[in-house]
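Remarks on the overall topology
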Protein chains: 2
Amino acid sequence: MKEVAIIGFGMTKFGELWDKSLRDLMSEAGLAAISNAAVDHIDSAYVGAMSSGLFVGQEHIASLMADYMGMPGIPVTHVESACASGGLALRQAILEVASGESEIVLAGGVEKMNDGADETYALATASDQEYEAFHGVTFPGLYAMIAHAHMFQYGTKREHLADVAVKNHENGLLNPNAQFHRKITREDVLNSVMVAEPLNLLDCSPVTDGAAAVIVTTLENAKKTGKPFVKILASAHATDSIALHSRKNLATIPAVQKAAEKAYKKANISPADLNVVEVHDCFTIAELVVMEELAIVERGHSGKAVSEGMTKLSGKIPVNTSGGLKSKGHPVGATGIAQVVELFEQLTGQAGDRHG
Amino acid sequence: MKEVAIIGFGMTKFGELWDKSLRDLMSEAGLAAISNAAVDHIDSAYVGAMSSGLFVGQEHIASLMADYMGMPGIPVTHVESACASGGLALRQAILEVASGESEIVLAGGVEKMNDGADETYALATASDQEYEAFHGVTFPGLYAMIAHAHMFQYGTKREHLADVAVKNHENGLLNPNAQFHRKITREDVLNSVMVAEPLNLLDCSPVTDGAAAVIVTTLENAKKTGKPFVKILASAHATDSIALHSRKNLATIPAVQKAAEKAYKKANISPADLNVVEVHDCFTIAELVVMEELAIVERGHSGKAVSEGMTKLSGKIPVNTSGGLKSKGHPVGATGIAQVVELFEQLTGQAGDRHG
C-alpha cells in the first residue's frame, strides 16, 4: 500500500443556512479544498451524506457534486454510514490512493438538514427501523439510555455531562465556522429544557447545514508540494449491532474500541501518544463513552476527567478543540470530515487560538 | 495494485417479495455468496442501495447488514449512486482488495421497493431534484426524451425498442431468479399501455425487491481455491451532468462511453473481444444507447442490430442473457451486482440454458 497524506481542506460555515442548498454547500467546500491544496485537478472524489433523500429529496449526490463543482465526468462516489458517513468518505479516498488507482482524491461530507423535512424522523432511520424507530424511539432517547447505564455503572453525574457542553462551547467561541458562538455555564445546561432524561437541550448537538472536504494524495506527492501536509498513519473501521437491545453493555460503544485498537496497532502508537482528539459528541454522553473506548481515560473515569479540565484546550489532552458537534454543529455527513479539518489545522499550526 | 478476482456469488429471487424485509434480502444474498465461495470469513463488505431511507425508512444499512449476517463488528460500507449503486459497491471492494487493506471482501446490493413507499417519487430523487424532479418529471419521462432524441437522430423505431423487451423476456424465461417468466411479442409491447410516449409499459423495468452479492479476493487467493473464479481485468467509473438539460446530445450517455473507454484501455481489450454483455435496460431505449456507448455496435445502429438478432442468446454478442432489468427485475441497488452474478455464471459455465 502506498503511504497517504492530506494536503488541503475546505469547509463552509456551519449553521442554519437557509440561503444555501445541498449543491451549494458541497461545491463550496469541495472547491475550497481544491484551492487550499493548490492542485489543478482531482482524479476522483467521495462524498459522505447520511440522508439527502429524506432531508431534501435528492439521492445520487455524487453525480450532482461532480456536476456542480464544474467537473462532470470525474468519478464521485457517495458513501453513507449515518454519523460515520464523512469518516468513511475519507477512508475510501485513502484506500483509493493507497491502491494506486488514483493520485489526488477529494473526500467530502455534507448535510442539508434545515429545509423543511422532519429531521427527527430522518435521523431516527439510522437506528434499527423495525425494532427501534418504528416504535417511536429517537436518538436522544437512545443516548439517554446509554447515559443512564453510564451513570448507574460508574457514578457519572449530570454535572459531568454538562461540563462536556460547557467545554465545547468554550472551544466553539474560537472557531469562526461554528454554529454557536456562545459561552454557556454548567447551570445553563442543567436548567435547559429536558429532551430525554437525563439529557437536556444543551446536552444535544443541533440541527445543522454544512459541508467540509479534504484533499488526499500520496505521501510522495505531498512532500513535493512544499506546503504543510498531514500523513495518515492509520485508518480503521468497525461496526456493532445496530439495535441497542442487542448490545451487551449499554455504557459502552465497542465499535469505537475495535476501530481504535486496529488504528493504534497499524500506526504503532498508544493512546498516550495522542496530542489532540476529535470525538463524536452528538450528545454529551457520547463524548464521555468515546473517550473511554479510545482509552485516553480509564473506563468510568471520563466524567471526572472532563470536569477536572483534562480535555480543555489547556488540559493534558484537548478533546474537540473545534467546539465539537455540540457547538460547531452537526451536519451529519459533514461531521467526520470537519473533524479531520480541525485536526489538519491543529497539526499544521493553523488552528490559531484553538491550539491547545 | 494487487490483481483481483471474484470467487463466489449469491442472489435472492427477484420480485414482489412481500414476506421479506430489507434485512432478510441482504442477509440471504450475502450468506449465499459466502457459502458459494466457501470462505470461512470476510474481512469487510460493501453494500449498494439507492434509497433505503425513502423506500423503507432505514438508513445505516451497512451496520444492519453486518449485524443480520451474524457478523456485528466487521467493517461494512454503504455506497449509493442511484442505478450504479451495486456497481460501485463492487468497485470499492475491488479497490480495497487491490490496495492490500483486506483479503476477502463481500460486495452486495439490495433494494426493498415494495413496502408501501411512493416508488416513483423515491426513484425521481436520483434526477436533479431542483431542476427536474421538483417540476414533476420522473424517470420514464426522462428516458422518453432520450428515446425521442434517438428516434429523431437515427430513425430508431418503436419496433426496435419493443424488440429489446421481447429478447429480454425470452432470456428471463431461462433465469429462475427473474421476476417475470413470460414470453411477450413485439405486438404485446406496442399495444401495452402508454407510460411516457414513446415508452409503453412493457418498455419499462418493474418495481422489484431483491439482493445480490459476490465475494472478491486477490487473484492469488482465487487460484488457491481450486474452484471456478473470474479475474477482474478492469473497473472504471465516470459521471455526467445530472440534469438532462445540461447534456449536449440527449441521444447519448457519455458517462458510459467514458467509463468503457477507460476499462477497455486498462484491460487492454477492444469491444470486439467481448463475448457476453450485461447492460442497464431500465427502459428499452437505455439498452440501445448503452450498446452504442460501449461501441459493440455503431452509433445509431443499435435498434436495427437488436431487431436482426445480433444480441439474442444465439446472436453474435448476447446482451442481457440474465433477462435484463426488464424481465429479471430492477431492485435498484442490487442491479449492478446481479449483472455481475450473471457474468460470473456465464464465464464459469454455470449459466445453463442462458449460455449464448
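For the structure itself, consult the block above.
Residues numbered from 1 in each chain as written. Chains lettered and ligands numbered in written order. Predicted model: local features only at pLDDT ≥ 70, side-chain atom pairs only at ≥ 80, totals over all residues. Heavy atoms only, no water.

For the rest of this paragraph, the subject is the overall build of chain A. Helix and strand counts for chain A stand at 14 helices and eight strands. By its C-alpha atoms, chain A is 55 × 45 × 40 Å across when sized along the principal axes. Across chain A, the fraction of contacts at a sequence separation of at least 24, relative to all contacts at a separation of at least 6, is 77%. Total accessible area on chain A stands at roughly 12700 Å², and carbon and sulfur atoms take up 54% of it. (Helix = DSSP H or I, 4+ residues; strand = E, 2+ residues; numbered from the N terminus. Contact = heavy atoms within 4.5 Å. Areas by Shrake-Rupley, 256 points an atom, 1.4 Å probe, with all protein chains shown as cover.)

A few words now on helix H10 (residues 254-267) of chain A. Residues and elements named next belong to chain A. Between its terminal C-alpha atoms H10 stretches 20 Å, which fits the 20 Å expected from 14 residues at 1.5 Å a residue. Ala255, Ala259, Ala260, Tyr264 and Ala267 are the residues of H10 that are buried. Buried residues along H10 cover an arc of 155 degrees about the axis, so they all sit on one side. Exposed residues pointing more than 90 degrees away from the buried face of H10 are listed as Glu261 and Lys265. Contact partners of the buried residues in H10: helix H11 (284-293). Asn268 occupies a position one or two residues after H10 and carries a positive phi of about 60 degrees. (Expected span 1.5 Å × (residues − 1). Buried < 20%, exposed > 50% of the residue type's maximum accessible area, 1.4 Å probe, protein only. Arc of directions from axis to C-beta.)

A few words on the pattern of salt bridges. Tallied over the full model, the rule gives 32 salt bridges over all chains. Linking Arg91 of chain B and Glu101 of chain A is a salt bridge whose minimum nitrogen-to-oxygen distance equals 2.9 Å. Placement of Arg91 of chain B in helix H4 (residues 85-99) and of Glu101 of chain A in the loop between helix H4 (85-99) and strand S4 (104-112) is noted, with the two residues assigned to different chains. Overlapping salt bridges bring together Arg23 of chain A together with Asp128 and Glu130 of chain B as one network. (Salt bridge = Lys/Arg side-chain N within 4 Å of Asp/Glu carboxyl O.)

Of the transformation superimposing chain B on chain A, the axial component is 0.0 Å and the angular component is 180 degrees, with the fit at an RMSD of 0.0 Å. Accordingly, the operation relating the two chain copies is best matched by a two-fold axis. No C-alpha of chain B lies nearer the rotation axis than that of Ser99 of chain B, which sits 1.8 Å from it. Looking at chain B, 100% of its interface residues are interface residues in chain A too, so the copies touch through the same face. (Least-squares fit on C-alpha atoms with pLDDT ≥ 70 in both.)

Another point: the interface of chain B and chain A. Taken together, the 58 residues of chain B in the interface contact 58 residues of chain A. If you sort the residues of chain B by the area they bury against chain A, Glu59, His60 and Glu80 of chain B come out on top, with a joint share of 13%. Seen at the junction of chain B and chain A, the total is eight salt bridges. Summed over the shared surface of chain B and chain A, the result is 33 residue pairs in polar contact (both at pLDDT 80 or more). Elements represented by at least two residues in the side of chain B that touches chain A include exactly helix H2 (52-56), helix H3 (61-68), strand S3 (76-80), H4 and helix H10 (254-267) of chain B. Among the residues forming the side of chain B that touches chain A, the class breakdown is 24 nonpolar, 21 polar and 13 charged. As judged from the three bridges shared by strand S3 (residues 76-80) of chain A and S3 of chain B, these two strands associate in the antiparallel manner. If you follow Val79 of chain A over to S3 of chain B, its bridge partner there is Val79 of chain B. (Buried area = accessible area lost by both parts, 1.4 Å probe. Polar contact = N/O pair within 3.5 Å; in protein donor to acceptor, adjacent residues only side chain to side chain. Nonpolar A, V, L, I, M, F, W, Y, C, P; charged D, E, K, R; others polar. Pairing = 2+ DSSP bridges.)

This paragraph deals with the nonpolar core. Core analysis: the biggest nonpolar cluster contains 84 residues, and Ile42 of chain A together with Ile42 of chain B have the highest contact counts within it. Discounting residues that sit within four places of it in the chain, Ile42 of chain A has contacts with Ile34, Met69, Met71, Ile74, Ile104, Leu106 and Ile215 of chain A. Membership of the second largest hydrophobic core comes to 56 residues, among which are Met11, Leu88 and Ala93 of chain A together with Ala338 of chain B. (Core = buried A, V, L, I, M, F, W, Y, C linked by side-chain atoms within 4.5 Å.)

A few words now on helix H7 (residues 158-172) of chain A. Residue and element names in this part refer to chain A. Compared with the 21 Å implied by 1.5 Å per residue over 15 residues, the 21 Å span of H7 between its first and last C-alpha is a close match. Across the 15 residues that make up H7, a large majority, twelve, are buried. Packing partners of the buried residues in H7 comprise helix H8 (186-191), strand S6 (199-200), H11, helix H12 (302-307) and helix H13 (324-328).

This part takes up the side chain of Asn114 of chain A. Mapping Asn114 of chain A onto the fold places it in the loop between S4 and helix H5 (119-124). With residues near it in sequence (within four places) discarded, Asn114 of chain A still touches Gly15, Glu16, Trp18, Glu119, Val207, Thr208 and Asp209 of chain A.

All names here are of chain A. Along the chain, Ala45 falls in strand S2 (residues 44-48). Judged by its relative accessible area of 1%, Ala45 is buried. Measuring from C-alpha to C-alpha, the distance between Ala45 and Lys328 comes to 25 Å, with 283 residues separating the pair along the chain.

Looking now at the packing of aromatic side chains. What the rule picks out here adds up to six aromatic pairs over all chains. With a centroid separation of 6.4 Å and an interplanar angle of 35 degrees, the aromatic rings of Phe139 of chain B and Tyr143 of chain B are classed as tilted. Here Phe139 of chain B pairs with Tyr143 of chain B, and both are found in helix H6 (residues 139-154), just four residues apart, close to one helical turn. For Phe139 of chain B, a relative accessible area of 23% translates into the label partly exposed. One aromatic cluster in this structure is built from Phe139, Tyr143 and Phe283 of chain A. (Phe/Tyr/Trp six-rings, centres within 6.5 Å; stacked < 30°, edge-to-face > 60°.)

Two modes of strand pairing occur in sheets, parallel and antiparallel, and in both the strands are linked by backbone hydrogen bonds. Spatial strand order, S8(A)-S1(A)-S7(A)-S4(A)-S2(A)-S3(A)-S3(B)-S2(B)-S4(B)-S7(B)-S1(B)-S8(B): twelve strands in an open sheet with mixed pairing. Edge positions in the sheet fall to strand S8 (230-231) of chain A together with strand S8 (230-231) of chain B, since each of these pairs with one other strand and no more. Of the pairings in the sheet, the one linking strand S1 (residues 4-11) of chain B to strand S7 (residues 209-218) of chain B comprises seven bridges and is antiparallel in character. Across the sheet, Phe9 of chain B pairs through a bridge with Val214 of chain B, a residue of S7 of chain B. Along the sheet, helix H1 (residues 22-37) of chain A contacts strand S1 (4-11), S2, S4 and strand S7 (209-218) of chain A; its crossing angle with S7 of chain A, the most-contacted strand, is approximately 35 degrees. The strands touched by H4 of chain A within the sheet are S1, S2, S3, S4 and S7 of chain A together with strand S2 (44-48) and S3 of chain B, with S2 of chain A carrying the most contacts at an inclination of about 160 degrees. (Axes fitted to C-alpha atoms, helices over the stretch in contact; angles between N-to-C directions.)

For the structure shown, the criterion picks out three cavities of 30 Å³ or more. When its volume is computed, the largest cavity comes out at roughly 50 Å³. As for the largest cavity, its lining consists of 13 residues, of which Glu59 and His78 of chain A together with Met50, Glu59 and His78 of chain B are closest to the centre. Of all the secondary-structure elements, those providing two or more residues to the lining of the largest cavity are S3 of chain A together with S3 of chain B. For the lining of the largest cavity, a count of residues per class yields four nonpolar, five polar and four charged. A volume near 40 Å³ is recorded for the second largest cavity. Every residue lining the second largest cavity is listed: Ser44, Ala45, Tyr46, Pro75, Val76, Thr77 and Glu96 of chain A together with Arg91, Gln92, Leu95 and His237 of chain B. (1 Å grid on protein atoms, 1.4 Å probe; cavity = no way out; pocket = protein on both sides within 12 Å on 5 of 7 lines; lining within 4 Å. Points joined across faces, edges and corners; volume = space filled by probe spheres on them.)

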